[in-house]
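Each chain is listed here by its residues.
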Amino acid sequence: MSKNQPQKVLRPDWTEYFMLIMDAVATRGTCLRAKPGCVITRDNVLLSSGYCGAPSGAPQCDEVGCLIEEVKHSDGHISMHCRRTVHAEANAILQAAKNGVEIKGGTLYCGMTPCRNCAMLIVNSGIKKVIAKKDYHESLESKKMFDDAGIELLILNPEVEKYDQQSG
């Protein structure tokens, strides 16, 4: 091959590309338990991003610690969750709304299968596809909700994200 001959550049596919961006966004998170990120796209254009953190102006987990509380699920089991932070998915949806960016029909890339509350926001925002890096141990309700709403869910890695129920 001659020096002037162009060489094909190896580029990530769109899913890999947006997951790399999602991982970079996640580094801004302030929760001590989890640092998932989120990006929302449509037609391979980045529309919005979000990470886990307390509401603007409020103390962050990395400043004052996580606010761990018991959550009772519809099947009766109880789990522990940090209630100080707004989740990455919710923040990405809120940023889009705040800036007048339409996300209807888009794809949401996230670190793990969204929780039930974020799943409700995703359904009502008009997102049509969710791509998660891994599964979340409390994802059954979200999966059913996505299925009922006709939202495609793709989990890239079968690894399940679990948290120590007492730490935080």
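Located above this text is the structure these notes cover.
To keep things clear, this report deals only with the structure shown in the data block. On a predicted model such as this, the values are computed, not experimentally measured, just so you know.

Let's shift gears to the pairing of strand 4 (residues 78-82). With respect to burial, strand 4 is a largely interior element, four of its five residues being buried. Where strand 3 (residues 68-72) hands over to strand 4, the hairpin turn is made up of five residues, of which glycine 76 adopts a positive phi near 95°.

The pairing of strand 1 (residues 37-42) with strand 2 (residues 45-51) spans six bridges and is classified as antiparallel. Directly across from threonine 41, in strand 2, lies its bridge partner leucine 46. Hairpin geometry of strand 1 and strand 2 is characterised by an intervening segment of two residues between the two adjacent antiparallel strands and by a positive phi of about 55° at aspartate 43.

So, about the pattern of salt bridges. Following the criterion strictly, the structure yields six salt bridges and no others. Of the charged contacts, one joins aspartate 23 and lysine 133 as a salt bridge, the two residues approaching to 2.7 Å between their closest N and O atoms. One end of the pair, aspartate 23, is in helix 1 (residues 14-26); the other, lysine 133, is in strand 6 (residues 129-136), with 110 residues separating them in the sequence. The exposure class assigned to aspartate 23 is partly exposed, which follows from its relative accessible area of 30%. Note that lysine 134 is salt-bridged to glutamate 159, the shortest N-O span being 3.6 Å. Within this pair, whereas lysine 134 is found in strand 6, its partner glutamate 159 is found in strand 7 (residues 152-161), the two being separated by 25 residues in sequence.

Of all hydrophobic cores here, the largest spans 22 residues; its most connected members are Ile40, Leu108, Ile122, Ile127 and Val130. For this core, the secondary-structure elements that each account for two or more residues are strand 1, helix 3 (88-98), strand 5 (107-112), helix 4 (116-125), strand 6 and helix 5 (140-149). For this core, the leading source of residues is helix 3, giving four residues. Residue contacts for isoleucine 122: discarding those within four places in its chain leaves Glu89, Ile93, Leu108, Pro114, Ile127, Val130, Phe146 and Ile151. Of all hydrophobic cores here, the second largest spans seven residues; its members include Phe18, Met19, Val39 and Ile131.

Within the secondary structure, valine 45 sits in strand 2. Classification of valine 45 as partly exposed rests on a relative accessible area of 45%. Spatially, the C-alpha atoms of valine 45 and arginine 11 are 16 Å apart, while their sequence positions differ by 34 residues.

What follows concerns the packing of helix 4 against helix 5. Orientation of helix 4 relative to helix 5, taken along the N-to-C sense of each, is 15°, at an axis distance of 8 Å. When the axes of helix 4 and helix 5 are compared, the pair comes out roughly parallel. Both helix 4 and helix 5 take part in a crossing whose hand is right-handed. Taken together, the residues of helix 5 that come into contact with helix 4 (itself represented by Arg116, Ala119, Met120, Ile122 and Val123) are Glu141, Ser142, Met145, Phe146 and Ala149.

Glancing now at the sheet that holds strand 7. Across the sheet, five strands lie side by side as 2-1-5-6-7; this open sheet has mixed pairing. Each edge of the open sheet is held by one strand with a lone partner, namely strand 2 and strand 7. Here the average twist between neighbouring strands, direction ignored, is 15°. Its contacts with the sheet put helix 3 on strand 1, strand 2 and strand 5, and the angle it makes with strand 2 is roughly 130°.

This part takes up the packing of aromatic side chains. What the rule picks out here adds up to four aromatic pairs. Taking the centre distance of 5.0 Å and the plane angle of 65° together, the rings of tyrosine 17 and phenylalanine 18 count as edge-to-face. For tyrosine 17, a relative accessible area of 37% puts it in the partly exposed group. Joined through ring pairs, the aromatic side chains of Trp14, Tyr17, Phe18 and Tyr109 make up one cluster.

Parameters and conventions
Residues numbered from 1 in each chain as written. Predicted model: local features only at pLDDT ≥ 70, side-chain atom pairs only at ≥ 80, totals over all residues. Heavy atoms only, no water. Buried < 20%, exposed > 50% of the residue type's maximum accessible area, 1.4 Å probe, protein only. Helix = DSSP H or I, 4+ residues; strand = E, 2+ residues; numbered from the N terminus. Pairing = 2+ DSSP bridges. Salt bridge = Lys/Arg side-chain N within 4 Å of Asp/Glu carboxyl O. Core = buried A, V, L, I, M, F, W, Y, C linked by side-chain atoms within 4.5 Å. Contact = heavy atoms within 4.5 Å. Axes fitted to C-alpha atoms, helices over the stretch in contact; angles between N-to-C directions. Parallel < 35°, antiparallel > 145°, perpendicular 65-115°, else oblique. Left-handed = near helix turned anticlockwise from the far one by under 90°. Phe/Tyr/Trp six-rings, centres within 6.5 Å; stacked < 30°, edge-to-face > 60°.

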